[in-house]
Amino acid sequence: MNVAVNTAVNEPVHSAWVDLAYLVAAVCFIVALKALSSPKSARWGNLVGAAGAVLAVGVVFASERLDHLPLIIGAIALGTLCGVPAARRVKMTAMPQLVALFNGVGGGAAAIVAIVEFLRASHGELLAALLATVFTVVVGCVSFSGSMVTFAKLQELITTRPIVLPGGRWIGIGTAALTLLLAIAVLVTGLTPAMVLLALAALVLGVLVVLPVGGADVPIVISLLNAFTGLTVAASGYVLGNTLLIVAGTLVGASGTLLTRLMAQAMGRSVTNILFGAFTAAGPGGAGTAEQRSVRSASPEDVAILLGYARKVVIVPGYGLAVAQAQHTVRELADLLAERGVRVEYGIHPVAGRMPGHMNVLLAEANVPYEQLREMDEINSELPSTDVALVVGANDVVNPAARNSPGSPIYGMPIINVDQAQHVVFLKRSMRPGFSGVENELLYDPKTTLLFGDAKETLAKVVAAVKSL
Amino acid sequence: MDSGVALLTIFVLAVFVGFEVISKVSTTLHTPLMSGANAIHGVILVGAIIITGRAETGVELGLGLVAIVLATLNMVGGFVVTDRMLEMFSGRRRPGQVETEETRR
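What you are looking at is a predicted structure, and each value in this text was computed from that prediction instead of being measured. (Residues numbered from 1 in each chain as written. Chains lettered and ligands numbered in written order. Predicted model: local features only at pLDDT ≥ 70, side-chain atom pairs only at ≥ 80, totals over all residues. Heavy atoms only, no water.)

All names here are of chain A. Parsing chain A into structural domains produces domain 1 (90-279) and domain 2 (300-468). Taking the mean C-alpha position of each, domain 1 and domain 2 sit 37 Å from one another. Between domain 1 and domain 2, the contact holds 19 residues from the first and 21 residues from the second. Across the domain 1/domain 2 interface, buried area totals approximately 1,700 Å², and carbon plus sulfur atoms make up 66% of it. Considering only the surface of domain 1 that becomes buried against domain 2, Met-92, Thr-93 and Met-267 emerge as the three largest contributors, covering 32% of it. The tally of links between domain 1 and domain 2 comes to zero salt bridges. Our count for the contact surface shared by domain 1 and domain 2 stands at two residue pairs in polar contact (both at pLDDT 80 or more). The biggest single contributor to the side of domain 1 that touches domain 2 is helix H5 (residues 95-120), with three residues. (Domains from an automatic or database assignment. Contact = heavy atoms within 4.5 Å. Buried area = accessible area lost by both parts, 1.4 Å probe. Salt bridge = Lys/Arg side-chain N within 4 Å of Asp/Glu carboxyl O. Polar contact = N/O pair within 3.5 Å; in protein donor to acceptor, adjacent residues only side chain to side chain. Helix = DSSP H or I, 4+ residues; strand = E, 2+ residues; numbered from the N terminus.)

Set out below in structure tokens:
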């Protein structure tokens, strides 16, 4: 094959076109990121990025002398056969955990590449290269195990509440110190066992970093780990002397860091608070006493009367609506109410769902007309003049604790002020708190009516009741 | 130019480009953007292929192959998932528009 021919002949000649091809691939990635920040060009941009990736892989096959070629191709085929169906079949509601999973395996791959490079390297190597290798292994392992924990949290395999182990702060600091010591040991001695221990310590560290993060903050952690993985890829590129890996990894590292900050800002949080908040805050405030207090629940017929004779209704959809696939029923209700002369609007919180912007993706999938959706700031100014706020499967994004109780984990997050409406109707499956694990005081407010059950079934009953008004 | 410094130069410039390209992005697109960036770092596949192709021992080969599978998952899966998300955004300007205007009033 051409592989053998290329390498036998002069290295410098082919390295020029290889570098050029890598440059083209790098430009593709830059264009892709740029295009992804505008809805019009985003899909096209993603394709450009994919084309860049295909080009990059093609160049490797054409330019490097590769042993074990059948095995390599087999491994790529295996990865593709697992990845494509997983990506195609995943429900939109489960998207965030899949992104976490993909990020984790990327971090793991970078760590493995660095370890193999370390095994191969002669010990007379440059300190800078060794430093980059150690960095890749540590951050790659943290990203891998951290992402697996975020996956488990989002999939609700483990609790979404912050988990603080007894003495958690000290275990964390101890593990971090141990990791640092082992890293120095590897740098000084270059011994393989030290490297293995380092990788293990970093894996434990990743778990410890993410465990104390509470539900609603998990997506921000994914974004942070995503940026980390980017940096490890850049460091691998330095070790391998590969410019494309440096450019692509750094791009993701830098843009991911900025994105993490933007996302944190959208929730009114700081990144340090998200990572270390659980150690300082005094647990979920007031959750213990909440169970005994009384709430007001009503029948679908009562709610139908409330809605049918209102002048203005604002619907606040959340993750629960999407999970129940209740978008169509909600729309039917909205249309019915509109026929009766009720003014209906949707209020969309920017972080409703499991990730910033997730709700927009979910509703777009359900063909809810984009033009009916109002953003948080817009709808908030209208809520004091709203008769009924209908909250469907959302909780955290309407929780007044974010405004009123400084001790709450969600304090400072901008919310949709449904508490300012004349009446609030909550459609919930149970009294369970939302994703953040924070109790919602609004549920006990005298002007709040609760309607328990699956959002879709309950809404269908409300629709029927409105029809017979 | 000394190759170490050249690589460092590339790194520093890429940091600025990285910050610059996403400096203005709406919350609506945070999720797809994160997913898209995620797919791009799957380019570690290039590194995984190189080290596997040079593997001399069984351990190196085994680890290298694992890295290839993981990196492929990251890259291919990432692009496909991002495309699916973005597909949702493109298909939204449809019949609803007329109804919307009525609903608003």
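What follows concerns a nonpolar patch on the surface. Residues and elements named next belong to chain A. A contiguous nonpolar surface patch, about 480 Å² in accessible area, is contributed by Leu-20, Leu-23, Val-27, Val-31 and Trp-44. Counting residues per element, the nonpolar patch draws most heavily on helix H2 (residues 11-35), which supplies four residues. Structurally, the position occupied by Val-27 is in helix H2. (Patch = residues over 30% accessible without salt bridge, like charges linked within 9 Å, V, L, I, M, F, W, Y side chains within 5 Å. Areas by Shrake-Rupley, 256 points an atom, 1.4 Å probe, with all protein chains shown as cover.)

So, on to the interface of chain B and chain A. Contact with chain B, which involves 84 residues of that partner, is made by 107 residues of chain A. Of the roughly 8,800 Å² buried where chain B meets chain A, counting both sides, 74% is carbon and sulfur surface. Taken together, chain B and chain A are joined by three salt bridges. On the surface where chain B and chain A come into contact, there are 13 residue pairs in polar contact (both at pLDDT 80 or more). At the level of elements, helix H1 (3-21), helix H2 (30-40), helix H3 (44-53), helix H4 (58-90) and helix H5 (96-104) of chain B are the ones that each hand at least two residues to the side of chain B that touches chain A. With 31 residues, H4 of chain B is the single largest residue contributor to the side of chain B that touches chain A. Taken together, the residues that form the side of chain B that touches chain A break down as 45 nonpolar, 26 polar and 13 charged. (Nonpolar A, V, L, I, M, F, W, Y, C, P; charged D, E, K, R; others polar.)

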